[in-house]
Amino acid sequence: MTATPFWKEAPRERLEQNIHEQKVALSATSAASEANRCLYCYDAPCVQACPTAINIPEFIRRIANGNLAGAAKTIFEANILGHSCARVCPVEVLCAGSCVFLEKDEPAIMIGRLQRHATDHALKNGLRFSARGTDTGKRIALIGAGPASLAAAYNLSLRGHACVIFEGRSMPGGLNTTGVAPYKLQTDVSLEEVDYILGIGGIEVQANTWIGRDISFQALEDEFDAIFIGVGLGPDSRLQIPGENLPGSVGAVELIERIKNENGFHLNGIDEAVVIGGGNTAIDIARELKQLGIDTVTMVYRRAEESMSGYAHELAQAKQEGVRLQFGAVPLAVEGDAKAAQLRCAKVDALLQPIPGQIFSLPATLIVRATGQEKLQTLLMGITGLEFYQGRVKVNPLTQQTSHPKYFAGGDCVNGGKEVVNAAAEGKRAAEGIHAYLTSHA
Ligand code: SF4
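All values reported here derive from a predicted model rather than from experimental measurement.

Engineer: What is the right way to look at the nonpolar core in this model?
Structural biologist: Inside soluble globular proteins, nonpolar side chains tend to come together where they are buried. Core analysis: the biggest nonpolar cluster contains 71 residues, and I56, F59, I60, I111 and L114 have the highest contact counts within it. In terms of residue count, helix α15 (residues 420–440) provides more of this core than any other element does, nine residues in total. If near-sequence neighbours (up to four positions away) are discounted, I60 is found in contact with A35, C38, Y40, I109, I111 and L114.

Encoded structure:
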């Protein structure tokens, strides 16, 4: 492993430490037994369902043969973020959701947990399977230190290009560090993975540096041969209702980050919380609050349960944990103060039209907005000729190149907010696109 970088230390008193891992590590015996259950399918559907196309039957066979290092090598060759993806991927709707065992009404292979078994072994033992390529003299700037940029930088370093990642926050890792639910992934595991990725060499991280504020886009264009945009999404969207700026009202992404990374942050005095939204972030924060001991946590969603964009398996777990659900309701106003607030709502029909006379209030000492995040189009306006589609950076999907030939992009700022594994795939593809661009402009 590399020497400990300055950002390695996550804050010591993090509220997320009170939340337990949902999918614990497999024992060696369980992993071997599960690996031996796999049919090692030809043309495996699980591989086709993985955005990074990890050779799943191959790594599982290697685990079955006791070759954990070989299994980790197979995983990292396809996806250098395989350590976090093993924990955060919604395998139920990706690889494991395609496993042939489901057709026989038998449990799918525990692909995520087997992947974790192999990558845990590699990181714990400092095993490396790749080396930086011969120096090409080319330099690439990457904006944002999240999964997309990390995957891009790693794959550029493999080809011998030098990378500088500019990160506005004090710690790298993007949403893996600041936004993934702690019952899936905690901050120190994310930082451990970043450390592993940077161990290839040739990648520098400049933290606490905002592009557009501390360094101009023009300066980047002058200094670097190509630039990758991996800025993710912006702050929580506003509801545009009265009272949403009151002290008891907060955005979900902001709250999750405080739970994960703010030293000494607590929720003392909070006993009733309302979460507004029906997506995965809404489910995540509702479950986190429940797991942190908040008595009553209610999700308010404007449509019916079937219309929720959050994963059904995550919602089922939220219900099991005691999260309450209020469907067919829209928030009208936040009222009161931090000690005695309430959310006033209107019941609506399937067309979202208010049902006359059906107004109600939910008491809450905490009201969480989880209705999406703003796009960062404004931040990127300083790039001449950059085109957008519905607020997202427009790219060639084969190369991740933007309408400005020197800029490439990937991750949430392009896909609008998908999984870590999608960002990893796009970052890797961008590295290939940048390499081809640099080679053709040599
Ligand atoms: Fe193994 Fe299931 Fe993938 Fe087949 S589909 S290779 S059984 S994990």
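Engineer: For this particular structure, what's the right way to read the packing of helix α1 (residues 28–37) against helix α3 (residues 56–64)?
Structural biologist: Between two packed helices, both the angle of their axes relative to each other and the distance between the axes serve to describe the pair. With their axes 8 Å apart at the nearest point, α1 and α3 run at an angle of 130 degrees to one another. In terms of axis orientation, α1 runs oblique to α3. When you trace α1 past α3, the crossing you get is left-handed. Contacts between α1 and α3 involve A31, A35 and N36 from the first element and I60, I63 and A64 from the second. Residues belonging to the contact of α1 with α3 are distributed by class as follows: five nonpolar, one polar and no charged.

Engineer: Help me understand the sheet that holds strand β4 (residues 226–229) in this model?
Structural biologist: With parallel pairing, the five strands of this open sheet are ordered in space as β3-β2-β1-β4-β15. Whereas interior strands pair on both sides, the edge strands pair on one side only; in this sheet they are β3 (203–206) and β15 (407–409). Sheet twist, expressed as the mean angle between neighbouring strand axes with direction ignored, is 20 degrees. Against the sheet, α15 contacts β1 (139–143), β4 and β15, and its axis sits at roughly 165 degrees relative to β4.

Engineer: Any chance you could explain empty space enclosed by the protein here in plain terms?
Structural biologist: Sizing a probe to match a water molecule and rolling it over the atoms shows the empty space that remains. Applying the stated criterion to the full structure yields three cavities of 30 Å³ or more. Approximately 120 Å³ is the volume found for the largest cavity. For the lining of the largest cavity, the secondary-structure elements that each account for two or more residues are α5 (82–88) and α6 (111–124). Each residue belonging to the lining of the largest cavity can be placed in one class, and the counts come to eleven nonpolar, four polar and no charged. Considering only enclosed or pocket space, the second largest cavity measures out at about 100 Å³ in volume. In this structure, the second largest cavity is lined by 15 residues; those nearest its centre are C38, C41, C46, C99 and I109.

Engineer: Explain helix α12 (residues 280–291) to me, please; I cannot follow it from the model alone.
Structural biologist: One turn of an α-helix holds 3.6 residues; hence residues three or four places apart share an orientation. The end-to-end C-alpha separation of α12 is 16 Å, in line with the 16 Å expected for twelve residues at 1.5 Å each. Of all twelve residues in α12, nine are buried; the element is thus mostly enclosed. Of the surrounding elements, those touching the buried residues of α12 are α11 (252–261), β6 (272–276), β7 (296–300), α13 (312–320) and β12 (366–369). Immediately beyond the C-terminal end of α12, within one or two residues, lies G293, with a positive phi of roughly 95 degrees.

Engineer: It is not clear to me how the site of the ligand should be interpreted in this structure. Could you clarify?
Structural biologist: The local shell around the ligand consists of C38, L39, Y40, C41, A44, C46, P57, C99, V100, F101, I109 and I111. When atoms are counted within 2 Å of each cavity's grid points, the one that captures over half of the ligand is the second largest cavity. Considering only residue class, the shell around the ligand consists of twelve nonpolar, no polar and no charged.

Engineer: Please explain the pairing of β6 as it appears in this structure.
Structural biologist: Side-chain direction in a regular strand flips from residue to residue, so the side chains alternate between the two faces of the sheet. In terms of residue burial, β6 counts as a mostly covered element, since four of its five residues are buried. Of the pairings in the sheet, the one linking β6 to β7 comprises five bridges and is parallel in character. Opposite I276, over in β7, you have V300 as the bridge partner. One ladder, built from four bridges, connects β6 with β12; its direction is parallel. The residue of β12 that forms the bridge with V275 is V368.

Engineer: What's the story with the layout of surface pockets in this structure? I'm lost.
Structural biologist: The computed volume of the second largest pocket comes to approximately 310 Å³. What lines the second largest pocket is a set of 24 residues, among which K23, R87, C89, V91 and E92 lie closest to the centre. A total of four residues in the lining of the second largest pocket trace back to one element, the largest contributor, which is α6.

About the cut-offs
- Residues numbered from 1 in each chain as written.
- Predicted model: local features only at pLDDT ≥ 70, side-chain atom pairs only at ≥ 80, totals over all residues.
- Heavy atoms only, no water.
- Core = buried A, V, L, I, M, F, W, Y, C linked by side-chain atoms within 4.5 Å.
- Buried < 20%, exposed > 50% of the residue type's maximum accessible area, 1.4 Å probe, protein only.
- Helix = DSSP H or I, 4+ residues; strand = E, 2+ residues; numbered from the N terminus.
- Contact = heavy atoms within 4.5 Å.
- Axes fitted to C-alpha atoms, helices over the stretch in contact; angles between N-to-C directions.
- Parallel < 35°, antiparallel > 145°, perpendicular 65-115°, else oblique.
- Left-handed = near helix turned anticlockwise from the far one by under 90°.
- Nonpolar A, V, L, I, M, F, W, Y, C, P; charged D, E, K, R; others polar.
- Pairing = 2+ DSSP bridges.
- 1 Å grid on protein atoms, 1.4 Å probe; cavity = no way out; pocket = protein on both sides within 12 Å on 5 of 7 lines; lining within 4 Å.
- Points joined across faces, edges and corners; volume = space filled by probe spheres on them.
- Expected span 1.5 Å × (residues − 1).
- Near = heavy atom within 4 Å.
- Sits in = over half its atoms within 2 Å of the grid points.

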